[in-house]
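What follows is each chain in one-letter form.
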Amino acid sequence: MNDLNERGLWNQQFRFSDVLEDFDEWLRWRDAASRAAARSLSFERFAYGAHDRQWIETTECGPVQSRVVPVFIHGGYWRSLSAEDHRCVLTGLSSLGNTCANAEYRLMPEFRLNDLVSDAGSALGRLAELYSGDTRFLLVGHSAGAHLAVSIALRAGLTDRLAGVVAISGVYDLAPVAKSFLQDEIRLTDEEIRSHSLIGASIGTPLLCVVGGDETDEFQGQSLAMSESAGAGHLIVRGAHHLSILADLNSQKSPLIDALGVWLMSASHPAEVDTISS
């Protein structure tokens, strides 16, 4: 197989604008739902660095009595999108804590992957400064954000403040990413692929890997491999794909949110739940 054909095959796993017939529809939904969340919630922003993307925002979401603060880390293949684009998920995550947080970070290729992981860790560190020591944080990452959430859970320093990590539709083996169209945009180095691939890493924090049942084979396979290698939980959202799974985080009534609440309290979870978006 020549390099062009191989890249085409990997593009079919990672380029969602080609894979998903309803790609544009779900982008519009995400943006509209995030604008709606911005209107209904009040946000306070805290800087953790000098760059204009080094900030984290918090919002008081509701009357839930909990010392757990869900912290969302957005995706975008490490090179695009913003935390503001993903405020839609906070309306569902609010059922897990009366305060939610939403983390922003710098982007590749201007900054390197180690910078992004450092940013995510610094955002969590800023939260730890704002909340007392008996407050614990639930990291919830989507796509590249799932990779960042697991990455910072592996770093020493704040693991004792983590209630757990929920890694949704994540990429944990970076070697296939470098074989796709994404390599032209983020320019992963061999060292980054080696040091930032996570399958096989020992996670000392409770971890639940979540993936949509309609994700590509690569995303489903990486989610399962990550969970098995880490001795972590694995949950499939039937009928959800890479973008529509955000709707399962948007509603407090979704089966996924229900399952996350049970897992947070008891470490148990179903093997599968239905998407709310069908």
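Could you clarify how one ought to interpret the overall build of the protein in this entry?
When you go through the protein residue by residue, the secondary structure sums to eleven helices and nine strands. A compact globule built from 278 residues should have a C-alpha radius of gyration of about 19 Å, and the protein, at 17 Å, falls within 12% of that. Based on the C-alpha atoms only, the size of the protein along its principal axes is roughly 55 × 40 × 35 Å. A buried classification covers 55% of the 278 residues belonging to the protein. Within the protein, contacts between residues separated by at least 24 positions form 76% of all contacts whose residues are at least 6 apart in sequence.

Sorry, what's going on with the sheet that holds strand β7 (residues 207-212) here?
The strands making up a sheet associate through backbone hydrogen bonding, with each pair oriented either parallel or antiparallel. The nine strands are arranged β1-β2-β4-β3-β5-β6-β7-β8-β9 in an open sheet whose pairing can be described as mixed. The open sheet has two edge strands with one neighbour each: β1 (43-47) and β9 (272-274). This sheet shows a mean twist of 20° between the axes of neighbouring strands, independent of strand direction. Where strand β3 (residues 68-73) meets strand β5 (residues 136-142), six bridges bridge the pair, whose relative direction is parallel. Looking at β5, one finds that Ile 73 is bridged to Gly 141.

Explanation requested: the side chain of Asn 11 in the structure shown.
Assignment of secondary structure puts Asn 11 in helix α1 (residues 3-14). Those residues in contact with Asn 11, other than ones at most four positions away along the chain, are Ser 180 and Phe 181.

Mind showing me how you'd approach helix α3 (residues 23-40) here?
An α-helix turns once every 3.6 residues. As a result, residues three or four positions apart point the same way. Here α3 contains 18 residues, and its C-alpha end-to-end distance of 26 Å stays within 8% of the 26 Å for a straight helix at 1.5 Å per residue. Where α3 is buried, its residues touch α2 (16-19), β1, α4 (90-93) and α10 (247-250).

I would appreciate a short explanation of the layout of surface pockets in the present structure.
Gaps left between atoms are located by rolling a probe of water-molecule size over the structure's atoms. Roughly 300 Å³ of volume is contained in the largest pocket. As for the largest pocket, its lining consists of 20 residues, and the residues nearest its centre are Phe 16, Phe 23, Tyr 77, Arg 79 and Leu 81. Counting residues per element, the ones that place at least two in the lining of the largest pocket are α2 and α3. The biggest single contributor to the lining of the largest pocket is α3, with three residues. In this structure, the second largest pocket occupies an estimated 170 Å³ of space.

I tried to follow unusual backbone geometry on my own but got confused; where do I start?
For residues besides glycine, phi is generally negative; the peptide bonds are generally trans as well. Looking along the chain, the bond that leaves Met 108 and enters Pro 109 is cis, with omega of 5°. For Ser 143, which is not a glycine, the phi torsion comes out positive at approximately 60°. Its relative accessible area of 3% is what places Ser 143 among the buried residues. Even without being a glycine, Ala 267 presents a positive backbone phi close to 70°. Relative to the elements of secondary structure, Ala 267 occurs in the loop between α11 (255-266) and β9. Accessibility expressed as a relative area gives 56% for Ala 267, which makes it exposed.

Looking at this model, I keep getting lost on the side chain of Arg 161. Mind explaining?
Its location among the elements puts Arg 161 in the loop between α6 (144-153) and β6 (162-168). No salt bridge is formed by the buried Arg 161; its nearest oppositely charged neighbour, Asp 160, is found at 6.0 Å. With near-sequence residues (within four places) excluded, Arg 161 lies in contact with Ala 128, Tyr 131, Ser 132, Gly 133, Thr 135, Arg 136 and Phe 137.

Sorry if this is basic, but what is going on with the packing of aromatic side chains here?
Working definition: an aromatic ring pair is given by the centre-to-centre distance plus the angle between the planes. Per the stated rule, a full pass over the model turns up nine aromatic pairs. With centroids separated by 6.3 Å and ring planes inclined at 25°, the aromatic side chains of Trp 10 and Phe 14 adopt a geometry described as stacked. Of this pair, Trp 10 and Phe 14 both sit in helix α1, four residues apart, which is roughly one turn of that helix. Centre to centre, the rings of Tyr 77 and Trp 78 are 6.4 Å apart; their planes meet at 35°, and the pair counts as tilted. Grouped by ring-pair contacts, the aromatic residues Trp 10, Phe 14, Phe 16, Tyr 77, Trp 78, Phe 181 and Phe 219 constitute a single cluster.

Before we go on, may I ask you to explain the packing of helix α5 (residues 113-130) against α6 in this structure?
How two helices sit against one another is set out by the angle between their axes and by the gap between those axes. Two numbers describe how α5 lies on α6: the axes approach to 9 Å, and their chain directions differ by 70°. Between α5 and α6, the angle is such that the two are roughly perpendicular. From α5, Leu 113, Leu 116, Val 117, Ala 120, Gly 121 and Leu 124 reach across to α6, where they touch His 147, Leu 148, Ser 151 and Ile 152. Taken together, the residues of the contact of α5 with α6 break down into seven nonpolar, three polar and no charged.

What counts and how
Residues numbered from 1 in each chain as written. Predicted model: local features only at pLDDT ≥ 70, side-chain atom pairs only at ≥ 80, totals over all residues. Heavy atoms only, no water. Helix = DSSP H or I, 4+ residues; strand = E, 2+ residues; numbered from the N terminus. Rg over C-alpha atoms; globule rule 2.2 N^0.38 Å. Buried < 20%, exposed > 50% of the residue type's maximum accessible area, 1.4 Å probe, protein only. Contact = heavy atoms within 4.5 Å. Pairing = 2+ DSSP bridges. Axes fitted to C-alpha atoms, helices over the stretch in contact; angles between N-to-C directions. Expected span 1.5 Å × (residues − 1). 1 Å grid on protein atoms, 1.4 Å probe; cavity = no way out; pocket = protein on both sides within 12 Å on 5 of 7 lines; lining within 4 Å. Points joined across faces, edges and corners; volume = space filled by probe spheres on them. Lys, Arg positive; Asp, Glu negative; His and termini not counted. Salt bridge = Lys/Arg side-chain N within 4 Å of Asp/Glu carboxyl O. Phe/Tyr/Trp six-rings, centres within 6.5 Å; stacked < 30°, edge-to-face > 60°. Parallel < 35°, antiparallel > 145°, perpendicular 65-115°, else oblique. Nonpolar A, V, L, I, M, F, W, Y, C, P; charged D, E, K, R; others polar.

Remember, this is a structural readout, not a statement about activity or role.
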